[in-house]
Amino acid sequence: MSEIDQLLSDGIKNTPPSFVRSILKAASDPDVTSFAGGLPNPISFPQEALLESMQRVVAEKGAAAFQYSATAGIDELRQWVADRYNTRFGTDYVLEDVLITTGSQQILDLLGKVLLDKGDGVIVENPTYLAAIQAFALNQPVFRTVELTDQGLNIAELEAALEAGAKMIYLIPNFQNPTGLTYSAEGRAQVREVLSRYNIVVVEDDPYGELRFEGESLPYIGGTQLPHGVIMGSFSKTVTPGFRMGYILTKDHELLANISIAKEAADLHTNVFSQYVVYDYLTHHQLDEHLVKIRDLYRSQARAMVEAMEEFFPEEVQFTKPQGGMFLWVTLPEGISTMDMFDKALARNVAFVPGDPFYAEPGKRSTMRLNFTNADEETIRAGIRCLGEVIAEELAAQEA
């Protein structure tokens, strides 16, 4: 054990580094076709409009755009978020229900700090967002996993996890990361009915909800319908990820007050200039028109990937067909380790994320996540063809 190891906390020692972050450098090689990162397509960034907003903010807001501000965020942006959700879902959120954060990742960190002590239960989907596992792991909870189905959650497993004890449940009901699956209306209702019988914080992470390119939007599981319902949102997938602008909505003001205390301790407040710029952009441009362009782009890219997989992947391979978002999930025959396969694919200039980091319980998996939003259709087709060859070689080696 090194000298610094003797000084590190148990929390950090038990928190895995992000596999995605560790491979982004390799995947950034221009010769590599990367399906690894959760990167929005750069052509969707409204760069000229944001430049106009930056200039207007400096000219009109002056020193206020560069001064310390309130922990909860600027009132104008908080009200815009509340109004947006009320328009989309018929809810009754008000300004006081909204806290602006440094990306949605900060929300995960703050929730862990506020709710979880060592040994506390937290329920997550199986598989789930790898960065949520990482954020919660710092607090050394007990992860209680519930299998994800094409309708939502395995209800029997959910009941068992709740009976075992948990303070929080973390869900991604729309175009789930990593699987791309979306809970059905019936599946949401079943989960809501079960959760209504327990004293638990219900967190729904929805960074992709506005990126639906098929079907109709569905109501949240908790939201305003459960006493401790929390909605997480972000401007990263709709405006720009570089500003790190997220937000939390909840009617539970006692919970929100404690999250605000944790945020005060973390960073005092979210970047004020960026808040003003995002708000200015939203009030001077039609977000819905911008979203139509993103949805059309992602629909085409998702279709290109699915069609290429149907053509080039061995028939034993299964994959999801998302209705929105940025990802789909691939399941290979049992016994094929996608982590072992990763380097072989990278040697052929194709990158993906092996399934292993998306499970709270360690172990080798035969799954992988593919991102379809950060490559054009021709590149997607060529990359999937190459990845199909790597998979076929692995299957042949297994049979030999």
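J.: Explanation requested: the nonpolar core in the structure shown.
T.: Side chains of a nonpolar character, in soluble globular proteins, are inclined to be buried together. By size, the foremost hydrophobic cluster in this structure holds 78 residues, and its most contacted members are Phe-235, Leu-370 and Leu-387. Examining the composition of this core, we find that ten residues originate from one element, helix α11 (residues 287-312), more than from any other. With sequence-adjacent residues up to four places away left out, Leu-370 is seen in contact with Phe-35, Met-305, Met-309, Met-326, Phe-327, Leu-328, Val-330, Phe-352, Ile-384 and Leu-387. Grouped together as the second largest cluster of nonpolar side chains are 29 residues, Leu-115, Tyr-170, Met-232 and Ile-248 included.

J.: Teacher, can you tell me more about the sheet that holds strand β3 (residues 121-126) here?
T.: Sheet strands pair by backbone hydrogen bonding; their relative direction is either parallel or antiparallel. In spatial order, the strands read β2-β8-β7-β6-β5-β3-β4; together these seven strands make up an open sheet with mixed pairing. Each edge of the sheet is formed by a strand with only one pairing partner; in this case those strands are β2 (98-102) and β4 (142-147). On average, adjacent strands in this sheet sit at an angle of 25° to one another, irrespective of strand direction. In the sheet, strand β7 (residues 229-234) pairs with strand β8 (residues 245-250) via five bridges, with the strands oriented antiparallel. Note that in β8 the partner of Met-232 across the bridge is Ile-248.

J.: Just checking my understanding: could you explain the sheet that holds strand β12 (residues 353-354) for this structure?
T.: Here we have four strands laid out as an open sheet, ordered β9-β10-β13-β12, and antiparallel in their pairing. Edge strands, defined here as strands with exactly one partner in the open sheet, are β9 (318-319) and β12. Here β9 runs beside strand β10 (residues 327-331); their pairing, made up of two bridges, is antiparallel. Bridge assignment links Phe-319 to a residue of β10, and that residue is Val-330.

What counts, and where the lines are drawn
Residues numbered from 1 in each chain as written. Predicted model: local features only at pLDDT ≥ 70, side-chain atom pairs only at ≥ 80, totals over all residues. Heavy atoms only, no water. Core = buried A, V, L, I, M, F, W, Y, C linked by side-chain atoms within 4.5 Å. Buried < 20%, exposed > 50% of the residue type's maximum accessible area, 1.4 Å probe, protein only. Helix = DSSP H or I, 4+ residues; strand = E, 2+ residues; numbered from the N terminus. Contact = heavy atoms within 4.5 Å. Pairing = 2+ DSSP bridges. Axes fitted to C-alpha atoms, helices over the stretch in contact; angles between N-to-C directions.

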